[in-house]
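Descriptive analysis of the structure
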Amino acid sequence: MSVAASPEIRDLRRLAYYDSVTGLPNRILFRDRLVQSIERSRRTGLSLAVLFLDLDEFKQVNDTLGHVTGDRVLAEIGQRLLAALRASDTVSRLGGDEFTVLLPDVAAADAAGIARKIIVAVRAPLAMGDPSIQISTSVGIAMYPQDAATPDALLHLADGAMYTVKANGRNDYRFHSPDVQALAVEAVRREQELRLALDKGQFVLHYQPLFDLRTGRVRAVEALLRWNHPRLGLLKPGRFLPLAERSRLIVPLGEWVMTRAFGRARAWREAGDPPVRMAVNVSPQQLEQPHAADRIAALLIETGFPPSLVELEITETTAMADPEKTSETLAELTALGIRIAIDDFGTGYSSLEYLQRFPLATLKMDRSFIRGLTDDPAACTLVSTMIGMARNMKLDVVAEGVETREQFEFLIAGGCDLGQGYLLGRPMPEVPLRAFLQTGRTWVPRCNRSTPPAALAAGAGGPERMLKS
Ligand code: C2E
Ligand code: MG
Ligand code: MG
C-alpha cells in the first residue's frame, strides 16, 4: 500500500528534482531517467536519443532586457519544448540557457524529425518586450547504443555535437560525429580567442599607400587589419576574417577599425602631415546593421575626422547581397560626404545596372587582372576596358596589386588614375607610413614617366616583410 506524500515531502521533492525557473526536471532527475531508459533499451534493443540544446545568443536577452524577462523567456521555451514532445519524453533544464531532452525508443531519423520540430517551436516570436523577441537554438544529438553506453558520455557527445552547430552558424541540429566534432571544438576555441583579442588590444592596423599615377603623389592610404596573435604572430585578414564574419564579431571589430583608422589619421593631420584620404574596408554585416550610416556618422564625429577624407571600400558581393538596402545606406553615406569604392572589382557577380545606381566614387580593379598584365592579352583587354568604363562612369580607377614595372607602365599608358601594390609601397605600420607621407615621396611623371623612383621600388621589400607574418 502506498502512502500519499505529505505536502512537505512534495515541496522537498520539487526543490530537489525540479528547476525553479521553468518547472522542468533538473539535471539530477534527468540523469536518473536517462539511467532507467538506458537500462530499458538494453533489454528491448531499441535505441534512444539524447538532445542537448543551447539557446543562441541568449546572453543578449539577459543583458538587454534584464534577468526577469530572461527567466520568463526560459519558462516559455520550456513550455514549448514540452508541447513539442510526447508524454514519455523528458525535457530538463540543465542550467543557464541549456536544456536536454531524452527521447526513449526512437531511431535516429525520428530524433532528427523531433529536433527540427523543436527548432521551429523555439524560433517562433516571443511576445515579450517591444519589439517582440525571437531566439533560436542549436541542438546536438547523441544516440544510445550507437555513440556511447553511459549517461555522462551521451550527454558529453550531444554537447559536443551542439558545438558543431554553433560553429557552423547556429539554429540547426547535428548528430555526434567524431571528426567533425574535433574541428568544431577548435573553431569555437578560435572564436573565443578572437572575441578576447579585441579586449586585449591584439589588433593592429597597417596602412598601404595609393598613388596618383599622374602626379606620383600619395593620394590615399588603405587601412588593413592585422591580428597580433600571441602564439601565431602577425596574422593577415585571410586567417581570421571568415570566422569574424561568421560569428558576427566583424561588427564590433569593423567599428574598432574605423575608430582607430580615423583617429590616427586625424592625429597625423594635427601633427602637420600632408592630408591624406583614409580608405577602410567594410564587411556586409556592417552595412546590414540597423542605422549603419548613422553609426558611421557618429564614429566620425567622435574621432573628429572629416567625412570628405573617408573612403569606404565594399566588394561586389557586399553590394549585391541586398542591393536595395545597400543603395539606400550608400546614399546616406555619400550625403555625409563619404566616398564609396567598389573593391576587388571583377571578381564577384554584379549587375552593371546596379553599379550605375550605386553612388560610387572609385573602382578598384582586382589584382587578379593586374597579374595578367602584360603577357596575357585577355587581361590587357579587360583592364583597358575597365579603365574606359570607369572613365565613362566618372569614377576614379585604381589598379590593385601592382608588382612589376611592366604592369606599372601598362597602367600609366592606359590612363589608370591610381595604383596600389608592392612595387609602389607595401602595407606598413604607422611609423614608417608617416615617414613615407612626410617625405612626400613622388616621382616626376614628365621626366621619366615610366620609372618608379628607386626609393619607391625599394619599398617593395618594405616594412611588412620584416615582420613575422
Ligand atoms: P583588399 O581590400 O583588396 O586589400 C588589398 C590586399 O592586397 C591586402 O591584403 C594587401 O596586403 C594586398 N596587396 C597589396 N598590394 C599587393 C601586391 O602588390 N601583391 C599582392 N599579392 N597583394 C597585395 P590583406 O592585407 O591580406 O587583406 C586582404 C583582404 O582582407 C583585403 O583585401 C580586405 O578585403 C580584407 N580586409 C583587410 N582589412 C580589413 C578590415 O579592416 N575590415 C574588413 N572587413 N576587411 C578587411
Ligand atoms: Mg580594400
Ligand atoms: Mg581589393
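Residues numbered from 1 in each chain as written. Chains lettered and ligands numbered in written order. Predicted model: local features only at pLDDT ≥ 70, side-chain atom pairs only at ≥ 80, totals over all residues. Heavy atoms only, no water.

**Section: unusual backbone geometry**
With an omega of 5°, the peptide bond running from Tyr-144 to Pro-145 counts as cis. Counting through the fold element by element, Pro-145 comes out in the loop between strand S4 (137–144) and helix H5 (151–167). Looking along the chain, the bond that leaves Leu-373 and enters Thr-374 is cis, with omega of 10°. Relative to the helices and strands, Thr-374 resides in the loop between helix H14 (367–371) and helix H15 (377–392). You will see that Asp-344, though not glycine, has its phi angle at about 50°, which is positive. Position of Asp-344 relative to the elements: it lies in strand S11 (residues 339–345). Judged by relative accessible area, Asp-344 falls into the partly exposed class, the value being 26%. (Helix = DSSP H or I, 4+ residues; strand = E, 2+ residues; numbered from the N terminus. Buried < 20%, exposed > 50% of the residue type's maximum accessible area, 1.4 Å probe, protein only.)

**Comments concerning the site of ligand 1**
Taken together, the neighbourhood of ligand 1 is formed by 22 residues, with Arg-226, Asp-343, Arg-367, Glu-403 and Tyr-422 sitting nearest. A distance of 3.2 Å is found between an oxygen atom of ligand 1 and a side-chain nitrogen or oxygen belonging to Glu-400. Residue Tyr-422 places a main-chain N or O atom 2.8 Å away from an oxygen atom belonging to ligand 1. Protein chains bury 86% of the 800 Å² of accessible surface belonging to ligand 1 in isolation. Among the elements of the structure, strand S7 (218–229), helix H7 (237–246) and S11 are those that each provide at least two residues to the shell around ligand 1. In terms of residue count, the dominant contributor to the shell around ligand 1 is S7 (4 residues). For the shell around ligand 1, the per-class residue count stands at 8 nonpolar, 5 polar and 9 charged. (Near = heavy atom within 4 Å. Polar contact = N/O pair within 3.5 Å; in protein donor to acceptor, adjacent residues only side chain to side chain. Areas by Shrake-Rupley, 256 points an atom, 1.4 Å probe, with all protein chains shown as cover. Nonpolar A, V, L, I, M, F, W, Y, C, P; charged D, E, K, R; others polar.)

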